[in-house]
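Observations on chain architecture
Here's the letter readout for the chains.
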Amino acid sequence: MRSKRSRLDQFVAQKLQISKKAVRQLLLENRVELDGEICKAVDKQINEFSHIRFDDTWLQQRNREYYMLNKPVGVVSATIDDIHPTALSLLKGVNSELMHIAGRLDLNSTGLLLITNDSQWSQALMAPETKVDKQYLVTLANPIDESYEKAFADGMYFGYEDITTKPAKFELVTEFQARVTLQEGKYHQIKRMFGRFRNPVVELHRESIGTILLDKHLKPGEYRHLDNKEICMK
Ligand code: URA
C-alpha cells in the first residue's frame, strides 16, 4: 500500500462534484485551505493525511494513528474473520476500516502488535531492507540447549518457499525458554525452525519490534497510542 497521493484540484472537484475550472475559481477566491494555509496552486500534491477545508467545511481531516496492542491468544491478526475476534476489533472507537497491522502474529501467539493507518510507515518498518529486529520469547515443549544457536544463525532451508532463513539469534533463557530475534517474518517461521528439532512451540510472545518494546503495563487485549519517539524509531 503506497500513500495515496493526488492533486488538490482533482480532490476538491471530486468532493464538491464541480469542474476543475470551478475549483480554480475557488482557489483564486482564497476559499480553500491546505494544512492550515490558504492555497492557490491547482497542482499542489496532497495525500490522505492532508487537511483540506473549503470555507467552513472540512473536506478531509484525517490524522496518522499508531497503536501498540498486547495481542491475546485466540485473536486473529486480520481485518475480518468469521470465527475469531480480530485484533482491529479490540481497538474501541477507532475506525478499523482505515487501519492495518504492521507484522502479523499467529492466532496463538501473543504480544506486541503494531496497528496504524499510515501505510508508508508500516511498509518502511517491515521492509526486509530495513532489517528491523523482531524479538520473541519462546516456550518449548521439550528441553533446549545451546546446540540450537548455530542452526538458527546458519539459517534453515524451507523447501516449500525455496528460501533459506536469514541469520537469526537464539539465546537460551531457561531449559524450556529461548529468546529468538529475527529480521524477517516468514510463515510460521519460529514454529517451523523449532520443528526442525521436533520441538513444538508451546507459547510464542513478541516482546519488541526494533526499539519499540511492548509496554509492560498493557494487559492482554489492552492497547495504547505510540509516542513520538516510538513512531520515529530508527
Ligand atoms: N513465528 C511464528 O511461528 N509465529 C508467529 O506468530 C511469529 C513468528
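Above this text you will find the structure in question.
Quick caveat, the model's predicted, so the values are computed rather than measured.

By the burial criterion, the buried members of helix H1 (residues 8–16) are Leu8, Asp9, Phe11, Val12 and Ala13. Looking at the buried residues of H1, the elements they touch are strand S1 (6–7), helix H2 (20–28), strand S2 (32–34), strand S4 (45–46), strand S5 (52–54) and strand S6 (57–60). Looking one or two residues past H1, Gln17 carries a phi angle of roughly 55°, positive in sign.

Non-glycine residue Asn30 carries a positive phi angle of around 60°. Along the polypeptide, Asn30 turns up in the loop between H2 and S2. Asn30 gets classed as partly exposed once you look at its relative accessible area, which sits at 38%. Positive phi is not limited to glycine here, since Asp35 has a value of about 45°. By secondary structure assignment, the location of Asp35 is in the loop between S2 and strand S3 (37–38). Of the residues examined, Asp35 reaches a relative accessible area of 49% and is grouped as partly exposed.

Through backbone hydrogen bonds, the strands of a sheet pair up, either in parallel or in antiparallel fashion. Strands sit in the order S3-S2-S5-S6 across an open sheet of four strands; the sheet is antiparallel. The sheet terminates laterally at S3 and S6, the two strands that pair on one side only. The sheet contact formed by S5 and S6 spans three bridges and is antiparallel. Bridging across to S6, Ile52 finds its partner in Gln60.

Once that is clear, we can look at the environment of Arg198. Along the chain, the position of Arg198 falls in the loop between helix H5 (189–195) and strand S15 (201–209). Separated by 54 residues in the primary sequence, Arg198 and Ile144 have C-alpha atoms spaced 11 Å apart.

Take the site of the ligand next. Taken together, Leu105, Asp106, Ser109, Tyr136, His188, Gln189, Ile190, Lys191 and Leu204 form the complete shell of residues around the ligand. Within the contact set of the ligand, an oxygen atom lies 3.3 Å away from a backbone nitrogen or oxygen of His188. In isolation the ligand offers 240 Å² of accessible surface; the protein chains occlude 94% of this area. Element by element, the count of residues in the shell around the ligand is highest for H5, at three residues. Residue composition of the shell around the ligand, by class: four nonpolar, three polar and two charged.

Enumeration over the complete set of coordinates arrives at eight aromatic pairs. With a centroid separation of 6.0 Å and an interplanar angle of 75°, the aromatic rings of Tyr67 and Tyr223 are classed as edge-to-face. Taken together, the positions of Tyr67 in strand S7 (residues 66–71) and Tyr223 in strand S17 (residues 223–225) put the pair 156 residues apart, joining distant regions of the chain. Residue Tyr67 is classed as buried on the basis of its relative accessible area, which comes to 5%. Overall, Tyr223 belongs to the partly exposed group, its relative accessible area being 26%. Between Phe152 and Phe194 the ring centres are 5.0 Å apart and the planes differ by 55°, which places this aromatic pair in the tilted class. With Phe152 in helix H4 (residues 147–154) and Phe194 in helix H5, this pair connects stretches of sequence that are 42 residues apart. Like Phe152, the residue Phe194 is buried in the burial classification. A cation sits over an aromatic face here: Arg53 above Trp58, 5.2 Å from the ring centre. In this structure, Arg192 packs its charged tip against the face of Phe158, placed 4.0 Å from the ring centre.

Side-chain pairs of opposite charge can arise where the charged atoms are in close proximity. One pass over the structure, following the stated rule, counts eleven salt bridges. Where Arg7 meets Asp9, a salt bridge forms, and the shortest distance between an N and an O atom there is 2.8 Å. Across the pair Arg64 and Asp118 runs a salt bridge whose closest N-O atoms are separated by 3.3 Å. Taken together, the residues span a long stretch of sequence, with Arg64 in the loop between S6 and S7 and Asp118 in the loop between strand S9 (110–116) and helix H3 (119–126) at a distance of 54 residues.

Now for the packing of H1 against H2. Remark: H1 packs on H2, axes separated minimally by 9 Å, with the N-to-C direction vectors making an angle of 110°. With respect to H2, the element H1 is oriented roughly perpendicular. Here H1 contributes Leu8, Asp9, Gln10, Val12, Ala13 and Leu16 to the contact with H2, which in turn contributes Lys20, Val23, Leu26 and Leu27. Of the residues in the contact of H1 with H2, the class split is seven nonpolar, one polar and two charged.

What counts, and at which threshold
Residues numbered from 1 in each chain as written. Predicted model: local features only at pLDDT ≥ 70, side-chain atom pairs only at ≥ 80, totals over all residues. Heavy atoms only, no water. Buried < 20%, exposed > 50% of the residue type's maximum accessible area, 1.4 Å probe, protein only. Helix = DSSP H or I, 4+ residues; strand = E, 2+ residues; numbered from the N terminus. Contact = heavy atoms within 4.5 Å. Pairing = 2+ DSSP bridges. Near = heavy atom within 4 Å. Polar contact = N/O pair within 3.5 Å; in protein donor to acceptor, adjacent residues only side chain to side chain. Areas by Shrake-Rupley, 256 points an atom, 1.4 Å probe, with all protein chains shown as cover. Nonpolar A, V, L, I, M, F, W, Y, C, P; charged D, E, K, R; others polar. Phe/Tyr/Trp six-rings, centres within 6.5 Å; stacked < 30°, edge-to-face > 60°. Lys NZ or Arg CZ within 6 Å of the ring centre and 35° of its normal. Salt bridge = Lys/Arg side-chain N within 4 Å of Asp/Glu carboxyl O. Axes fitted to C-alpha atoms, helices over the stretch in contact; angles between N-to-C directions. Parallel < 35°, antiparallel > 145°, perpendicular 65-115°, else oblique.

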